[in-house]
Amino acid sequence: MLWFPSNRIQLARCSLGFLLRNLSASKTSLPMLTLFTKDPCPLCDEAKEVLRPYNNRFLLQEVDITLPENSAWYERYKFDIPVFHLNGQFLMMHRVNISKLEKQLLKLEQQGAGG
């Protein structure tokens, strides 16, 4: 599991296209949880803490919606961060919904196991 503290690696500075290219080239079977965020975002920091016990079940990538290359995401989510997508599909916004996250992760894990 990869966990990148925002103060060490500026993943949020990556464009969405770069992140998707890296995901498609990855050999991992873990789902990608994308966090749409900005700096500062206290609710995003809180959400990442809530997610910490689940870090071994997904890869977390952050997209800074304030960067020029992410302007479409800014227009869409400027009043709603944190927003989460799981494998490119909208999952939740504002707060982490553990029940919803668990359900979707379990579904993906079962699909990955041939179920």
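The coordinates are above.
The text that follows walks through the structure, step by step, so that each part is easy to find. (Residues numbered from 1 in each chain as written. Predicted model: local features only at pLDDT ≥ 70, side-chain atom pairs only at ≥ 80, totals over all residues. Heavy atoms only, no water.)

### Quick look at the overall build of the protein
What counts is decided by this rule: Only DSSP runs of H or I reaching four residues or more are called helices, and only runs of E reaching two or more are called strands; each is numbered from the N terminus. Contacts are assigned to residue pairs with any non-hydrogen atoms lying within 4.5 Å of each other. Per-residue and other accessible areas were derived by the Shrake-Rupley procedure at a 1.4 Å probe size, with only the shown protein chains allowed to occlude residues.
Regarding its fold elements, the protein presents four helices and four strands. Its helices and strands taken in sequence order, the protein reads α-β-α-β-α-β-β-α from the N to the C terminus. Contacts in the protein between residues at least 24 apart in sequence constitute 71% of all its contacts with a sequence separation of at least 6. Element-wise, carbon and sulfur atoms account for 53% of the exposed surface of the protein, whose accessible area totals about 7,000 Å².

### Things to note about the environment of Gln61
Stated precisely, the cut-off is as follows: Only protein chains enter the accessibility calculation, which uses a 1.4 Å probe; a residue is then buried when its area is under 20% of its type maximum, exposed when over 50%, and partly exposed in between.
Inspection of the secondary structure puts Gln61 in strand E2 (residues 59–64). Its relative accessible area of 13% is what places Gln61 among the buried residues. Considered as a pair, Gln61 and Met32 are 29 residues apart in the sequence and their alpha carbons are 7.2 Å apart.

### Observations concerning helix H4 (residues 98–112)
Rules: By definition here, a helix of n residues has an expected span of 1.5 Å times n minus one. Polar contact is defined as a pair of N or O atoms within 3.5 Å, subject to the rule that within protein one atom must be able to donate a hydrogen and the other to accept it, and that residues adjacent in sequence are counted only when both atoms are side-chain atoms.
For H4, with 15 residues, the first-to-last C-alpha span of 21 Å sits near the 21 Å given by 1.5 Å per residue. Among the residues of H4, the N-terminal cap falls to Asn97, whose side-chain oxygen and the backbone nitrogen of Ser99 are separated by 3.2 Å.

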